[in-house]
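So you can see what is in the structure, the chains are spelled out below.
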Amino acid sequence: MLAAGAQGPDFRLRDLSGRQRTRSEISGGKPVLLAFFKVSCPTCQYAFPFLERIYRGRTRQDIAMYAISQDDAESTREFNADFGITLPALLDTEEDGYPASNAYGLSHVPSLFLVEPDGRISLAIAGFDKNGIQELGRRLGKEPFEPGESVPEWRPG
């Protein structure tokens, strides 16, 4: 998996409406969070509602956020409905050879990358890492966890 400091590769993926999008296009000259997941992954199911909190409550609108699904559009839409996810999604499917997942060196999900406008990865998180999610929330201006909420330090992907 690519680490912070590495160059984040560009990619071309379809969104849920079938439109082709590239990483450089979705960033629009600003940082972009890429949150890779698979709908059947229990750790993804656990982590994504916290990412949704950040997405909905972020004070920094100058950072884009995208979910990168390793599943088809129908399964991704069902996941979004089941877990209340409104992050825009791109499809990185087996049928297409997982081009973005392979380019970012993924071996498991969830995997998160904050990619700066120059393409440099400034934050990389594998699995569910409480400290990493808190750092992401700090950068986007929204605390992901509620006071008193019991959250594990780490869950493997």
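Residues numbered from 1 in each chain as written. Predicted model: local features only at pLDDT ≥ 70, side-chain atom pairs only at ≥ 80, totals over all residues. Heavy atoms only, no water.

Draft legend 1. Examining the packing of aromatic side chains more closely. All chains considered together, the criterion is met by 13 aromatic pairs. An angle of 70 degrees between the planes, with centres 4.9 Å apart, marks the rings of Phe50 and Phe145 as edge-to-face. Of the two residues, Phe50 is situated in helix 2 (residues 42-57) and Phe145 in the loop between helix 5 (130-140) and strand 9 (154-155); the sequence distance between them amounts to 95 residues. Look at Phe50 and you get buried, because its relative accessible area is 7%. For Phe145, a relative accessible area of 7% translates into the label buried. Linked through ring pairs, Phe11, Phe36, Tyr104 and Phe113 together constitute an aromatic cluster. (Phe/Tyr/Trp six-rings, centres within 6.5 Å; stacked < 30°, edge-to-face > 60°. Helix = DSSP H or I, 4+ residues; strand = E, 2+ residues; numbered from the N terminus. Buried < 20%, exposed > 50% of the residue type's maximum accessible area, 1.4 Å probe, protein only.)

Draft legend 2. Examining the sheet that holds strand 1 (residues 12-15) more closely. Read from one edge of the open sheet, seven strands run 2-1-5-4-3-6-7, paired in mixed fashion. Each of the sheet's edge strands pairs with one partner strand only, and the pair in question is strand 2 (20-22) and strand 7 (121-126). Adjacent strand axes in the sheet meet at a mean angle of 30 degrees when their direction is disregarded. Two strands pair when backbone bridges link them, and strand 4 (residues 64-69) and strand 5 (residues 89-91) are joined in this way by three bridges, in the parallel orientation. By the bridge assignment for strand 5, Ile68 is matched with Leu90. The strands that helix 2 touches are strand 3 (32-37), strand 4 and strand 6 (111-115); relative to strand 3, the one it contacts most, it runs at about 160 degrees. Where helix 3 (residues 73-83) meets the sheet, its contacts fall on strand 3, strand 4 and strand 5, and the angle it forms with strand 5 comes to roughly 150 degrees. (Pairing = 2+ DSSP bridges. Axes fitted to C-alpha atoms, helices over the stretch in contact; angles between N-to-C directions. Contact = heavy atoms within 4.5 Å.)

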